[in-house]
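Reading the structure
One letter stands for each residue in the lines below.
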Amino acid sequence: FQHYYITNNLRCLLQSQNVIVNSLKMSQKKSSADKDKRKRRTCDEFNPKTVNKFGFSSSSHDNSPCSSSLNTTLTRERERKWFEMLKNWDHLMTSSYDKVRVRCRKGIPHSLRAAVWRALCGAANLQQKNPGMFEDLLRKESQWMVYIEKDLPRTYKLHELFAEEGGLGQTEMKKVLKAYSIYNPKVGYCQGMTSIAGILLMLMPAEQAFWCLVAIMNKYLPGYFSDGLLAVQLDGRVMESLVNDIDPKISAFLRRNDVQATFYAVEWFLCAYTRTLPWETVLRIWDMFLCEGVKVLIKTGVTLLMLAFSDKKVRDVCDSFDKALKYLKYRLPDQLLEEDFFVNELLSLHISEEQLKETHLAQLAKLQDIYR
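These notes cover the structure that comes with them. Remember, it's a predicted structure, so these values are computed and weren't measured experimentally. (Residues numbered from 1 in each chain as written. Predicted model: local features only at pLDDT ≥ 70, side-chain atom pairs only at ≥ 80, totals over all residues. Heavy atoms only, no water.)

**Regarding the pattern of salt bridges**
Let me state the cut-off plainly: Here a salt bridge means any side-chain nitrogen of Lys or Arg lying within 4 Å of a carboxyl oxygen belonging to Asp or Glu. By definition, any uninterrupted DSSP run of H or I lasting at least four residues is a helix, any uninterrupted run of E lasting at least two residues is a strand, and each is numbered from the N terminus. For each residue, the accessible area found with a 1.4 Å probe, counting protein chains only, is set against the maximum for its type, and the residue is called buried under 20%, exposed over 50%, and partly exposed in between.
Counted under the stated rule, the structure contains 16 salt bridges. Among the salt bridges present, the one from lysine 175 reaches glutamate 172, with a minimum N-O distance of 3.3 Å. Here the residue lysine 175 and the residue glutamate 172 both occupy positions in helix H11 (residues 168-183), the gap between them amounting to three residues, near one helical turn. The partly exposed category is assigned to lysine 175, whose relative accessible area is 32%. Taking the relative accessible area as the measure of exposure, glutamate 172 reaches 10% and is therefore buried. The partner of glutamate 267 in a salt bridge is arginine 275, and the shortest N-O contact between them spans 4.0 Å. Judged by relative accessible area, which is 41%, arginine 275 ranks as partly exposed. Shared partners join several salt bridges into a network, and the residues in it are Arg284, Glu339 and Asp340.

**What to know about the packing of aromatic side chains**
Convention followed: Classification of ring pairs uses Phe, Tyr and Trp, with its six-membered ring standing for Trp, and accepts pairs whose centres are within 6.5 Å; under 30 degrees between planes counts as stacked, over 60 as edge-to-face, and the remaining range as tilted.
Scanning the entire structure with this criterion turns up 20 aromatic pairs. Ring geometry for phenylalanine 269 and tyrosine 273: centres 6.4 Å apart, planes at 90°, overall edge-to-face. As far as burial versus exposure is concerned, phenylalanine 269 and tyrosine 273 are alike and both buried. Ring-pair connections join several aromatic residues into one group, and the members of that group are Phe134, Tyr180, Tyr183, Phe210 and Trp211.

**Remarks on unusual backbone geometry**
Comment: phi is negative for the bulk of residues other than glycine, and the bulk of peptide bonds are trans. Residue tyrosine 156 is not a glycine yet carries a positive backbone phi of 50°. Tracing the chain through its elements places tyrosine 156 in the loop between helix H10 (145-151) and H11. For alanine 272, which is not glycine, the phi dihedral falls at a positive 50°. Looking at the element boundaries, alanine 272 is found in the loop between helix H16 (265-270) and helix H17 (279-292). In this structure alanine 272 comes out as buried when scored by relative accessible area, which is 0%.

**Section: helix H22 (residues 339-347)**
Test applied: Starting at the helix axis, one direction is taken to each C-beta atom, and the arc is that of these directions. Residue contacts follow a heavy-atom distance rule, with two residues in contact if any of their heavy atoms lie within 4.5 Å. In the analysis that follows, any N or O atom pair within 3.5 Å is treated as a polar contact, provided that within protein one partner can donate a hydrogen and the other can accept it, and provided that, for residues neighboring in sequence, both atoms belong to side chains.
Of all the positions in H22, only Glu339, Phe342, Val343 and Leu346 are classed as buried. Down the axis of H22, the buried set is contained in an arc of 95°. They therefore lie on one face. Elements that come into contact with the buried residues of H22 comprise helix H6 (97-106), H17, helix H18 (295-309) and helix H21 (334-337). Between the side-chain oxygen of the N-cap and the backbone nitrogen of aspartate 340 there are 3.2 Å, and the N-cap of H22 in question is glutamate 338.

**As for helix H23 (residues 353-370)**
Convention followed: Given the number of residues in a helix, its expected span is that number minus one, multiplied by 1.5 Å.
If you check H23, its first and last C-alpha atoms are 26 Å apart, about what 18 residues at 1.5 Å a residue would give, namely 26 Å. Among all positions in H23, only Leu356, Thr359, Gln363 and Leu367 are buried. Buried residues of H23, seen end-on, are gathered within an arc of 70° and therefore sit on one face of the element. Buried residues in H23 make contact with helix H14 (230-246) and H18.

**Notes on the environment of phenylalanine 225**
Assignment of secondary structure puts phenylalanine 225 in the loop between helix H13 (206-220) and H14. The class of phenylalanine 225 is buried, set by a relative accessible area of 7%. Setting aside anything within four residues of it in sequence, one finds phenylalanine 225 in contact with Val187, Cys190, Gly192, Met193, Ile196, Met217 and Leu270.

**As for the nonpolar core**
Where we set the bar: Buried Ala, Val, Leu, Ile, Met, Phe, Trp, Tyr and Cys residues that are joined via side-chain atoms within 4.5 Å together make up what is termed a nonpolar core.
By size, the foremost hydrophobic cluster in this structure holds 111 residues, and its most contacted members are Trp117, Leu120, Leu200, Met239, Tyr264, Trp286 and Phe309. Here this core gets 11 residues from one element, more than from any other, and that element is H13. Apart from the residues lying within four places of it in its own chain, the contact partners of methionine 239 are Ala261, Tyr264, Ala265, Trp268, Phe269, Ile298, Gly301, Val302 and Leu305.

Below you can see the structure in the form of structure tokens.
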């Protein structure tokens, strides 16, 4: 299993160093690439010949090695800074959290994401305090195995780690999800967990991924996988309310076409956008999410809605429930979802901590009234 991470990191390094050359080649073949891109999106089989630097076949999460420009010198400098931060992590988080947040917003170097994510969510400390627990859990029986095994082949089937049925990736994911279902019997297993476990396994071994999953479920997404998905409903209502505050025209458009958050935001939140955004953008969102919490997921949803429907021409064309929902879920222009553009749009949202708190409390009261 360690061999996979060594190979993957090596590929990232080689591809990042050749980014300028690849960019020139791509610019010369733009028209043919556009045609190939349309063809790739219709493919639902893993093709090992088209694997990108994140391990995906190019037919999904359309990220070529040169999808964003890279300054190698800047990357090395950022890696150096993060190395120093990891050496003094506890002190930094208590005395210089703003510094950590700023650097997470700029993006964590991919070579260090596993270590930083584990530090951010507290998984490294959890694992250290519970030696041997992961293996102990795996020796027990789980009532959820039928459901877990059923979902494994459906998850990241276009990623090299999970493409082979019964292969390395699916075996490790089964371990992580089985262990969690026993560790937290009140939640057990829910389908969206495969997406969260999968992104973690792309970066780290199973035991580390398990403790990250534990930390994320406990600290970031409590109630998300409970009966009725009440926490997801609440955050969806908060997101809709914030959109109404920022641009009432978009909110009115969504109500007019009956496009409620339940029709699109459940997958957004439960899978933390791993099934929604290009992979480079997903990783940037997770860098911020693990630093700042679930409010990043809410702001990401607001950003998607704003980018999708801020143009009146788009709202006029999407004049029905089906058209609006399909455009939001499947037809947003690629340039709107590109990592730097999307993150800049998210960070430019004028949503204060006080506004988030007030909106959350107001929507919580309304939801409690509904379920009384």
